[in-house]
Amino acid sequence: MSQFSYQDGVLHAEGVSLSAIADQFGTPTYVYSKAALLANFAAYADACAGRDALVCYAMKANSNLAILDLLARQGAGFDIVSGGELQRVLAAGGDPRKVIFSGVGKSADEMRLALSHDILCFNVESIPELHRLNEVAGAMGKTARVSLRVNPNVDPKTHPYIATGLKASKFGVAFDDALATYRTAATLPHLEVAGIDCHIGSQLLDDAPLLEALDRLIELIDKLGDEGIVLHHVDIGGGIGIDYREAGEAAPVPVGDYLGRLFAKIDAWRAARHDGRPIKVIFEPGRSIVGDTGVLLTRVEFLKHGEEKNFCVVDAAMNDMARPALYQAWMDMQPVARGNAEALTYDVVGPICESGDWLARDRELAVAPGDLLVMHTAGAYGMTMASNYNTRGRAAEIIVDGTVSHEVRKREQPADLFALESLIK
Ligand SMILES: *Cc1c(COP(=O)(O)O)cnc(C)c1O
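Please read all numbers here as calculations on a predicted model, not as lab measurements. (Residues numbered from 1 in each chain as written. Predicted model: local features only at pLDDT ≥ 70, side-chain atom pairs only at ≥ 80, totals over all residues. Heavy atoms only, no water.)

1. Comments concerning the pattern of salt bridges
- Following the criterion strictly, the structure yields 22 salt bridges and no others.
- Among the ionic pairs, Arg-51 bridges to Asp-267, the shortest N-O distance being 2.8 Å. On the criterion of sequence distance, the pair formed by Arg-51 in the loop between helix 2 (34-48) and strand 5 (53-58) and Asp-267 in helix 9 (residues 255-273) is long-range, its members being 216 residues apart.
- We note a salt bridge from Asp-118 to Arg-145, for which the minimum N-O separation is 3.2 Å. Residue Asp-118 is found in the loop between helix 5 (108-116) and strand 8 (121-124), and its partner Arg-145 is found in strand 9 (residues 144-151); the two are separated by 27 residues along the sequence.
- A relative accessible area of 24% means that Arg-145 is categorised as partly exposed.
- Within this structure, Asp-222, Asp-226 and Arg-273 form a network of salt bridges that share partners. (Salt bridge = Lys/Arg side-chain N within 4 Å of Asp/Glu carboxyl O. Helix = DSSP H or I, 4+ residues; strand = E, 2+ residues; numbered from the N terminus. Buried < 20%, exposed > 50% of the residue type's maximum accessible area, 1.4 Å probe, protein only.)

Written as structure tokens, this is what we have:
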């Protein structure tokens, strides 16, 4: 059930009207629904109930401390991709022992920070990274738990920028090199081989590629087991898509259905192995936890009728929401209140000095200057990708809980943006 609905002709987040939020906090502003966030996490948690499984929220999708705190309180772990993200987990009161550290370029400093907090696992992506981690852990007198991110070479059939498990991808260890890489890892004294992982891409509407990737991981786990390298967990990554409401686009697979099929496969495999040993299953969902929990609220500045196109110039821009400029992403736009302006076909654009600064193209909208619009399904890869291009302060963030709005991040002011700068003497 969507937590964003029209009540008396005005779009609400749960019980709060978005026009009231714009009046109180200004625009552009990200508005999230707490109920939607908890429901999305519960879809994973419920499907994992009674099993040895851990949901590590991929926080690069949305790393606001209040969101991390809400998820941590539901038992979530976190998938991080930088030392900065670990600092956010700690600041939000998350448990570092439920953290897994992904990414192709971890620095020695980041490794030290993560080891000092005893994180659950490093998802290692190359042999040089194994050596660096072994050295850093050795110097600290610690042992690092590792998993290898294997590239299962499965086509996720998604946008090329968010397909990550193909042979030509910068991510992971090639499938054919995985056994040799595990043998190397097993010889390094300050590493403990703990698991295997993959992450094949994002915004997957169908779970078939994920189940195929699991088959390939199972093949490797069995081969490693035969050599005496026993893995304790399998981490299938994130990637389940969400409904951006684009006409003609297929609906994403429900999370419960996907996890049901995945656990059925795991159970059949473990039963066939006859060793009775369970294996922990880890998930790294990002988009499917936060994507549909948020909207970007923006106000129309001007309507501009060009020779070939009509432009709706709004106060949000590509620095607030980069997905359209970066991936040609289609995101749904709706007016907050239904007025009586004439409906026309517009390109919705921001004030930034770039032709790539657009939020939506060829949309029929009935809007007038001063009206409020929302961009739907903006909770994932929205605020976390925001920049200060054109010295624009980043948007405020609000979490609505029933009839209460919490400002969980204030709007940045221009002075914040140059506070770290200085003149040369
Ligand atoms: C981005 C990322 C995720 C999350 O992907 P979603 O498509 O948002 O679920 C999970 N794991 C890794 C390693 C990632 O880089």
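2. So, the packing of aromatic side chains
- Inspection of the entire model under this criterion finds five aromatic pairs.
- Ring centres of Tyr-30 and Tyr-32 lie 6.2 Å apart, and the angle between their planes is 10°; on these two criteria the pair is classed as stacked. Neither residue differs from the other here; Tyr-30 and Tyr-32 are each classed as buried.
- Centre to centre, the rings of Phe-263 and Phe-283 are 5.9 Å apart; their planes meet at 85°, and the pair counts as edge-to-face. With Phe-263 in helix 9 and Phe-283 in strand 13 (residues 280-283), this pair connects stretches of sequence that are 20 residues apart. Judged on exposure class, the residue Phe-263 and its partner Phe-283 are both buried.
- Counting every residue linked through ring pairs, the aromatic cluster contains Tyr-44, Phe-263 and Phe-283.
- Above the plane of the ring of Phe-101 lies Lys-106, whose end atom (NZ or CZ) is 5.5 Å from the centre. (Phe/Tyr/Trp six-rings, centres within 6.5 Å; stacked < 30°, edge-to-face > 60°. Lys NZ or Arg CZ within 6 Å of the ring centre and 35° of its normal.)

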